Every structure is written in C-alpha cells, then in structure tokens.
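The primary structure of each chain is shown beneath.
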Amino acid sequence: MSQVCIVCGKKPTAGRNVSHSHRVTKRVVYPNIQKVTIVVDGVAKKANVCTKCLKAGKVQRG
C-alpha cells in the first residue's frame, strides 16, 4: 500500500535511532495511513488518508 496521504501529502520520513552508547542507525518513520471510503464529487471511492486528516474532518467519509 502506498504510504502517502492524498489530503496533506504526508509520507515516510527518514531518521536515526540513537542508542544509549550513541551508536547511530538509520530508520524510517511511517505515517498512520488508513484506506477509507471517501466521497469525491458525489462518488464514493477508496483513498489513503492519514489519521490526522480523518480526525480533523478534512475528508467526507462515505
């Protein structure tokens, strides 16, 4: 599944894990993307939306 929100464009970001001894490894932080049914121009369709957009009411669920 694509990890990009169609509303805000949020996508995975790169970061680093830093241990107590300061050893650094790369990591990826994924957004919480859900596949939901939304209404677009009166037609219901499936779309990938992050939970922040769902909670804020930026999409009309159908």
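In short, a report on the structure. In this text the structure is predicted, and so the values were computed from the model without any measurement. (Residues numbered from 1 in each chain as written. Predicted model: local features only at pLDDT ≥ 70, side-chain atom pairs only at ≥ 80, totals over all residues. Heavy atoms only, no water.)

1. Some thoughts on the overall build of the protein
- Each helix and strand in the protein was counted, giving one helix and four strands.
- From first element to last, N terminus to C terminus, the protein shows the α and β order β-β-β-β-α.
- Looking at the protein as a whole, 18% of its 62 residues are labelled buried.
- For the protein, long-range pairs separated by at least 24 residues make up 34% of all intrachain contacts whose partners lie at least 6 apart in sequence.
- Total accessible area computed for the protein in this model is approximately 4,900 Å², and 49% of it derives from carbon and sulfur atoms. (Helix = DSSP H or I, 4+ residues; strand = E, 2+ residues; numbered from the N terminus. Buried < 20%, exposed > 50% of the residue type's maximum accessible area, 1.4 Å probe, protein only. Contact = heavy atoms within 4.5 Å. Areas by Shrake-Rupley, 256 points an atom, 1.4 Å probe, with all protein chains shown as cover.)

2. Observations regarding the environment of Val-59
- Among the secondary structure elements, Val-59 is positioned in the segment after helix H1 (51–56).
- Along the sequence, Val-59 and Ile-38 sit 21 residues apart, while their C-alpha atoms lie 6.8 Å from each other.
- Apart from the residues lying within four places of it in its own chain, the contact partners of Val-59 are Val-7, Ile-38, Val-49, Cys-53 and Leu-54.

3. What about the environment of Gln-60?
- Note that Gln-60 resides in the segment after H1.
- Looking at Gln-60, the relative accessible area reads 57%, which means it is exposed.
- When the C-alpha positions of Gln-60 and Ala-44 are compared, they lie 9.7 Å apart, and in sequence the two are 16 residues distant.
- Those residues within four positions of Gln-60 in sequence are excluded, and the remaining contacts are Ile-38 and Val-39.

4. Focus: the state of the cysteines
- Tallied over the entire structure, the rule returns zero disulfides.
- Sulfur of Cys-5: no disulfide; nearest cysteine sulfur belongs to Cys-8 and is 3.6 Å away.
- Relative accessible area serves as the criterion here: at 41%, Cys-8 is assigned to the partly exposed category. (Disulfide = S-S within 2.5 Å.)

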